[in-house]
Amino acid sequence: MDLPLERPANLAVFASGRGSNLDTILRTFPAASELASVKMVMSDVAKAGALAKAEAHAVATYHHPFPSRKRDSHGQGRVAFERAAQARLEQHHIDLICLAGFMRLFSPEFNRTWQGRMLNIHPSLLPEFPGLHPQRQALEAGVSESGCTVHFVDAGVDTGPMILQRRVPVLPNDTEEILAARILEQEHLAYPEAIRKVLRGEVRYAEGVL
Ligand code: GRF
């Protein structure tokens, strides 16, 4: 895919949880926007708040189970999810996938198929604190600054080329929840900005920018 496109881009958002980042993306890129609009939302969790948020915006929603690695030792659940997802992605002519609180890891094949066309947001200043509970990791490490990172997805966990970061202070009385809320405010600014940068062709997978 050559960016910028000469038409509005079709976005898919994958989310497992409450969907506040999804909500921001839906509001920034509603139907018939010039740069992009969200065409579908997919979740591995049937009751995810994200699905209800997408429905409220009249966006197509799909649920397909994606068992955890512990429960899917032969990877068949993952294969089935990816097959279902790929069919929907093709049906909606999706250009860019945005992972927003999507809690599963894709196969190397799926990552390769979408290389440079799949983004993720993570609530830490990567490469620090990848994986689970990054806000807790930041507090335990005693850092004075944290934030969020939007990056391209590669084969690792939160390791792909970075697109942009936004920083927040870590304050003396912060709990995990307080820090997470401070970072989340910045996530809601960072994700739309990163999507714009990618779609305008200002940053490409091979380069990253940070
Ligand atoms: C966000 O903190 C995001 O960075 C992380 O999961 C959380 C999802 O929150 N990957 P929400 O569902 O977008 O509200």
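Residues numbered from 1 in each chain as written. Predicted model: local features only at pLDDT ≥ 70, side-chain atom pairs only at ≥ 80, totals over all residues. Heavy atoms only, no water.

Participant: Explanation requested: the overall build of the chain in the structure shown.
Facilitator: Counting its secondary structure elements, the chain contains six helices and seven strands. Relative to the 2.2 N^0.38 estimate, which gives 17 Å for 210 residues, the radius of gyration of the chain is 17 Å and therefore close to what a compact globule would have. Counting only C-alpha atoms and orienting by the principal axes, one finds that the chain spans roughly 50 × 40 × 35 Å. The buried share among the 210 residues of the chain stands at 49%. Roughly 10,600 Å² of accessible area belongs to the chain as shown, and the carbon and sulfur atoms make up 50% of that amount. Measuring between centres, the 23 positive side-chain charges of the chain sit 4 Å from its 24 negative side-chain charges. (Helix = DSSP H or I, 4+ residues; strand = E, 2+ residues; numbered from the N terminus. Rg over C-alpha atoms; globule rule 2.2 N^0.38 Å. Buried < 20%, exposed > 50% of the residue type's maximum accessible area, 1.4 Å probe, protein only. Areas by Shrake-Rupley, 256 points an atom, 1.4 Å probe, with all protein chains shown as cover. Lys, Arg positive; Asp, Glu negative; His and termini not counted. Charge placed at Lys NZ, Arg CZ, Asp CG, Glu CD.)

Participant: How do you make sense of the sheet that holds strand E7 (residues 162-169) when you look at a structure like this?
Facilitator: Either a parallel or an antiparallel arrangement is found when strands of a sheet pair, and the pairing is made through backbone hydrogen bonds. Here we have seven strands laid out as an open sheet, ordered E3-E2-E1-E4-E5-E6-E7, and mixed in their pairing. Looking at which strands have only one partner, the edges of the open sheet turn out to be strand E3 (60-63) and E7. On average, each strand axis in the sheet is tilted by 20 degrees relative to the strand beside it, whichever way the strands run. As judged from the four bridges shared by strand E5 (residues 118-122) and strand E6 (residues 145-152), these two strands associate in the antiparallel manner. Within the sheet, the bridge partner assigned to His122 lies in E6 and is Thr149. Strands strand E1 (9-14), strand E2 (36-43), E3 and strand E4 (96-99) of the sheet are contacted by helix H3 (residues 76-91), whose axis makes an angle of about 160 degrees with E2. (Pairing = 2+ DSSP bridges. Axes fitted to C-alpha atoms, helices over the stretch in contact; angles between N-to-C directions. Contact = heavy atoms within 4.5 Å.)

Participant: When you look at the nonpolar core in this model, what are you seeing that I'm missing?
Facilitator: Nonpolar side chains in soluble globular proteins generally cluster together in the buried interior. Grouped together as the largest cluster of nonpolar side chains are 40 residues, with contacts concentrated most on Leu11, Ile25, Leu119, Tyr191 and Ile195. If you tally residues by element for this core, the top one is helix H6 (residues 176-199), at eight residues. Sequence-distant contacts of Leu119, defined by excluding residues within four places in its chain, comprise Leu96, Ile97, Cys98, Leu99, Val150, His151, Phe152, Val153, Ile163, Tyr191, Ile195 and Val198. Ala12, Phe14, Met40 and Leu99 belong to the second-largest nonpolar core, a separate cluster that totals 18 residues. (Core = buried A, V, L, I, M, F, W, Y, C linked by side-chain atoms within 4.5 Å.)

Participant: How should I be thinking about H3 in this particular structure?
Facilitator: Owing to its 3.6 residues per turn, the α-helix brings residues three or four apart onto one side. Under the 1.5 Å per step criterion, the end-to-end length of H3 is 23 Å for 16 residues, consistent within 8% with the ideal 22 Å. Within the span of H3, buried status applies to Gly77, Phe81, Glu82, Ala85, Gln86 and Leu89. Buried positions in H3, seen along its axis, are confined to an arc of 160 degrees and lie on one side of it. The exposed set on the far side of H3, more than 90 degrees from its buried face, consists of Gln76 and Arg83. On its buried face, H3 is in contact with E1, E2, E4 and helix H4 (108-113). (Expected span 1.5 Å × (residues − 1). Arc of directions from axis to C-beta.)

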